[in-house]
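An overview of the molecular structure
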Amino acid sequence: MTKKLLSFLLMNVGALAVAVNVHFFLSPNNLATGGVSGLSIVMNNVFPGLTLGTIMIMLNIVLFIVGFIFLGFQFGAKTIYASFALSFMVWGLETFFPMQEALSDDLLIQLIIGQIIAASGMAIVFHQGASTGGTDIIAMILNKYFSIEVGKGVLVSDIAIAASSIFIFGPTVGMYAFFGVILNGLVIDYTLQQFDNNKEIVIISRKSEEIQDYIVKNLGRGATVHYAKGAFNQEDKEVITTIMNRKDYSKLKKYMLAVDEKAFITVHSMNEILGQNFKRLA
């Protein structure tokens with residue numbers, strides 16, 4: 001129950017970060033950097049009588065209806081909640097903290113700061129097993145009917161929205177919006193890597209049994225032992241492979257220094273780990 005509550009709170013924190021970017025940084029500068037928020041900024045210029053938050057709510061409703069028609073009930077409750085939470089948060093910020101003008105005359109610094117805030121928020125939402133919806137639905141439809149990868153589908157949709165802003169707001173703002181799409185993807189990838197900072201560690205040591213015992217009993221981690229033969233002296237060796245986070249790796253490294261400072265160790269950063277004791281396959 002505590003984990004579910006924490007996940008719910010983090011999901012709202014992530015959605016709020018995205019909403020802050022939309023309201024304080026993107027909307028005042030007409031930066032349509034993809035997603036439902038970007039499309040809403042374009043449409044808000046065409047239909048100025050509607051607030052940005054209202055347009056986002058309407059677009060999300062339409063997109064989910066289209067998604068249900070073409071994809072069926074493939075959307076998790078978390079994604080549906082996060083999508084509408086973001087829309088209502090933007091509406092709330094518009095209502096209680098109206099923006100009359102941009103925070104600064106420097107468009108680039110606003111774009112960079114805003115996208116860092118939003119991408120970090122989106123990464124938090126993704127880490128809770130949800131998304132902010134929007135162009136994800138379009139990407140899933142493209143994947144189902146045209147075999148386009150979901151990641152590429154999202155990128156194509158976001159670039160199309162950014163490109164459309166060129167015709168509404170001019171080439172300068174449109175190019176900044178395009179840059180924002182690329183920046184957003186880079187920051188999301190980097191932030192997600194910080195959440196999942198596990199490392200694969202391969203150890204060859206004459207103190208193999210002691211090291212295995214330390215990994216299992218002291219660190220509470222699993223390990224796999226392979227048997228190999230050295231090419232130089234044809235000596236039989238045990239190769240230990242284990243996966244752990246940065247904190248446990250630091251402890252292991254200190255232990256290795258005390259037990260066998262001549263051990264051979266290789267460390268690989270892992271982008272994603274699926275299976276037992278890690279992320280579920282589905």
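Residues numbered from 1 in each chain as written. Predicted model: local features only at pLDDT ≥ 70, side-chain atom pairs only at ≥ 80, totals over all residues. Heavy atoms only, no water.

Topic: the nonpolar core
Judged by nonpolar contacts, the single largest core of 33 residues is most densely connected at Val22, Leu26, Leu31, Leu52, Met56, Leu86 and Val90. If you list the elements that add at least two residues to this core, you get α1 (2-26), α2 (35-46), α3 (52-71), α4 (77-96), α5 (107-127), α6 (135-146), α7 (150-169) and α8 (171-195). The element that contributes the greatest number of residues to this core is α3, accounting for seven residues. Contact partners of leucine 31, with chain neighbours within four places excluded, come to Phe25, Leu26, Ile41, Leu107, Leu111, Val173, Tyr176 and Ala177. Grouped together as the second largest cluster of nonpolar side chains are twelve residues, Ile201, Ile203, Leu219 and Tyr249 included. (Core = buried A, V, L, I, M, F, W, Y, C linked by side-chain atoms within 4.5 Å. Buried < 20%, exposed > 50% of the residue type's maximum accessible area, 1.4 Å probe, protein only. Helix = DSSP H or I, 4+ residues; strand = E, 2+ residues; numbered from the N terminus. Contact = heavy atoms within 4.5 Å.)

Considerations on the packing of aromatic side chains
Evaluation of the coordinates by the stated rule reveals five aromatic pairs. Where phenylalanine 64 meets phenylalanine 68, the ring centres are 6.4 Å apart and the plane angle is 35°; that geometry is what we call tilted. Linking phenylalanine 64 with phenylalanine 68, this pair stays in helix α3, spanning four residues, or about one helical turn. Given the relative accessible area of 4%, phenylalanine 64 is considered buried. What makes phenylalanine 68 partly exposed here is its relative accessible area of 31%. Between phenylalanine 70 and tyrosine 145, the ring centres sit 6.0 Å apart and the planes meet at 90°, which makes this aromatic pair edge-to-face. Taken together, the residues phenylalanine 70 in helix α3 and tyrosine 145 in helix α6 connect sequence positions 75 residues apart. Members of the aromatic cluster, joined through ring pairs, are Phe64, Phe68 and Phe84. (Phe/Tyr/Trp six-rings, centres within 6.5 Å; stacked < 30°, edge-to-face > 60°.)

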